[in-house]
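Topology and contacts: notes
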Amino acid sequence: MNLAEQFFYAWPWMGLGMAAIMLVLLFGTDLLRSNSGKRWLDPVWLAWCAMPAYLVHQFEEYALNMVDGSFLIIDQVFANAGSVMDLSNLPLAYFPLVNIALVWIGVPLSAWICRRNPVIGLAPYGFILVNGLMHCLGTLSGMMPLSLNPGFWTGTFLFLPLVALVIYATVRVKFMSGGALAVALVSGAIAHALLGAGYAASAVGGPAACLILGTFAGVSSILFAWLGCKLFKVRYESPVRK
């Protein structure tokens, strides 16, 4: 097994290690906070929470659901999406690439920007909301049996409560308007939709096209949220450490 193949199987475990470090920083220090109030009402703290939450979700989706040496979630993509489009040009590298672009780059970059703009900072929660609903409703509706729905537990019982907490914090603290929250969540939802477009891009433009689109999808909520702020002139406050 060469280095690339080793990384293909190791990245979810690497993410789990990063999640453990992030949780220590989030709950054991004040490094990832913008004020001295309650952590769960701090938009910057909530923005950083998205990273370990998604890293743990990825671990469940991939590392905890392997069948005969292959990731169940990848098999499901080829079985389901492959029934409606040609995925012969979809490289396996697409899956770690989009996940790493999103959680190792896009989410922490958004959280860093959150100190100035919570709309951008919390935009990944739109991605998280769509993902959680797909996992939850997929099984509850009977469309995806639990055994074929890797990511159901964290998607349902981690993602959805976190989104609810973000909504609660927005209403309670009013660091941004309801319109600003809508822009944030829709921006992340659009970014999630680009993942499906990446599958289609492989059929139209080949492996390179889907890899480029997938990488863009991982960080695109930042761009969409910025554009939404400009277009709709939503109200938000820049979190400042007190």
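Here's what I pulled together on the structure shown here. (Residues numbered from 1 in each chain as written. Predicted model: local features only at pLDDT ≥ 70, side-chain atom pairs only at ≥ 80, totals over all residues. Heavy atoms only, no water.)

**Considering the pattern of salt bridges**
Scanning all chains against the criterion turns up three salt bridges. Close ionic contact of D30 with R39 constitutes a salt bridge, the shortest N to O distance being 3.7 Å. (Salt bridge = Lys/Arg side-chain N within 4 Å of Asp/Glu carboxyl O.)

**Brief notes about helix α2 (residues 43–63)**
With 21 residues, α2 should reach 30 Å at 1.5 Å per residue; the first-to-last C-alpha distance of 30 Å fits that figure. In terms of burial, α2 is largely enclosed, as 20 of its 21 residues are buried. Its side-chain oxygen placed 3.0 Å from the backbone nitrogen of V44, D42 serves as the N-cap of α2. (Helix = DSSP H or I, 4+ residues; strand = E, 2+ residues; numbered from the N terminus. Expected span 1.5 Å × (residues − 1). Buried < 20%, exposed > 50% of the residue type's maximum accessible area, 1.4 Å probe, protein only. Polar contact = N/O pair within 3.5 Å; in protein donor to acceptor, adjacent residues only side chain to side chain.)

**Brief notes about helix α6 (residues 124–140)**
Here α6 spans 24 Å end to end across 17 residues, near enough to the 24 Å set by a 1.5 Å rise per residue. Among all positions of α6, only P124, Y125, G126, F127, I128, N131, G132, H135, C136, G138 and T139 are buried. Of the residues flanking the end of α6, it is G142, one or two places downstream, whose phi is positive at about 90 degrees.

**What to know about the packing of aromatic side chains**
Tallying each qualifying case throughout the model produces 16 aromatic pairs. On the basis of an interplanar angle of 45 degrees and a centroid distance of 4.9 Å, the ring pair of Y54 and F159 is categorised as tilted. Here F159 lies in helix α7 (residues 152–173) and Y54 lies in helix α2, a separation of 105 residues in the sequence. Residue Y54 shares its accessibility class with F159, and that shared class is buried. Ring geometry for F152 versus W153: centroids 5.0 Å apart, planes at 80 degrees, classification edge-to-face. Given the relative accessible area of 7%, F152 is considered buried. A relative accessible area of 49% places W153 in the partly exposed class. Taken together, the ring pairs in this structure connect F8, Y9, W11, Y62 and F71 into an aromatic cluster. (Phe/Tyr/Trp six-rings, centres within 6.5 Å; stacked < 30°, edge-to-face > 60°.)

The analysis is restricted to geometry; functional conclusions fall outside its scope.
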